[in-house]
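Coordinates in review
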Amino acid sequence: MIFYAGPIVLGFLLGFIIGSRIKVNPESKLNFTWGSYITIFIAALVAAYFIGPFPYYQDVPLASGFVSAIVGIFVGKVTLGRYVKDDTEH
């Protein structure tokens, strides 16, 4: 079994950048709970299984870059997630 770090690292970095750019609007009534994050992660694992590994990669039967991108989005959102400033605050 050979381990390929390239897709994992690149997927995580891209996901981290995207996750850090997600803005949360306080006026929005949309709230994500831990259950919704777990559901999204499970759906991403199922999608990664059906996508399959990169061509000629035999490490795992998942699209490892896709899974690491989803993890990167969650980590980027939690660590550097942005909030929209209220227009009344000056």
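Relevant structure appears above.
Residues numbered from 1 in each chain as written. Predicted model: local features only at pLDDT ≥ 70, side-chain atom pairs only at ≥ 80, totals over all residues. Heavy atoms only, no water.

**Describing the packing of aromatic side chains**
Here the structure, examined in full by the defined rule, presents 2 aromatic pairs. Ring geometry for Phe12 against Phe16: centres 6.2 Å apart, planes inclined by 25 degrees, an arrangement best described as stacked. Taken as a pair, Phe12 and Phe16 lie in helix 1 (residues 6-21) at a separation of 4 residues, close to a single helical turn. For the ring pair Tyr49 and Phe50, a centre distance of 5.6 Å and an interplane angle of 70 degrees mean the geometry is edge-to-face. (Phe/Tyr/Trp six-rings, centres within 6.5 Å; stacked < 30°, edge-to-face > 60°. Helix = DSSP H or I, 4+ residues; strand = E, 2+ residues; numbered from the N terminus.)

**Some words on helix 2 (residues 34-51)**
The end-to-end C-alpha separation of helix 2 is 25 Å, in line with the 26 Å expected for 18 residues at 1.5 Å each. Looking one or two places after helix 2, you find Gly52, whose phi comes out positive at around 85 degrees. (Expected span 1.5 Å × (residues − 1).)

**Looking at the environment of Val71**
The residue Val71 is located in helix 3 (residues 64-80) in this model. Between the alpha carbons of Val71 and Phe16 there is a distance of 8.0 Å; along the sequence they are 55 residues apart. Every residue in contact with Val71, bar those within four places of it in the chain, is listed here: Phe12 and Phe41. (Contact = heavy atoms within 4.5 Å.)

**Here we look at the side chain of Ser20**
Assignment of secondary structure puts Ser20 in helix 1. In this structure the side chain of Ser20 is engaged in a polar contact, spanning 2.8 Å, whose partner is the backbone oxygen of Ile17. (Polar contact = N/O pair within 3.5 Å; in protein donor to acceptor, adjacent residues only side chain to side chain.)

**Thoughts on helix 1**
With 16 residues, helix 1 should cover 22 Å at 1.5 Å per step; its first-to-last C-alpha distance of 23 Å lies within 8% of that length. Along helix 1, the positions that sit buried rather than exposed are Pro7, Gly11, Gly15, Gly19 and Ser20. (Buried < 20%, exposed > 50% of the residue type's maximum accessible area, 1.4 Å probe, protein only.)

**Digging into a nonpolar patch on the surface**
A cluster of nonpolar side chains, Trp34, Ile38, Ile42, Val46, Tyr49 and Phe50, forms an exposed patch at the surface whose accessible area comes to about 750 Å². Within the element layout of this structure, Trp34 appears in helix 2. (Patch = residues over 30% accessible without salt bridge, like charges linked within 9 Å, V, L, I, M, F, W, Y side chains within 5 Å. Areas by Shrake-Rupley, 256 points an atom, 1.4 Å probe, with all protein chains shown as cover. Salt bridge = Lys/Arg side-chain N within 4 Å of Asp/Glu carboxyl O.)

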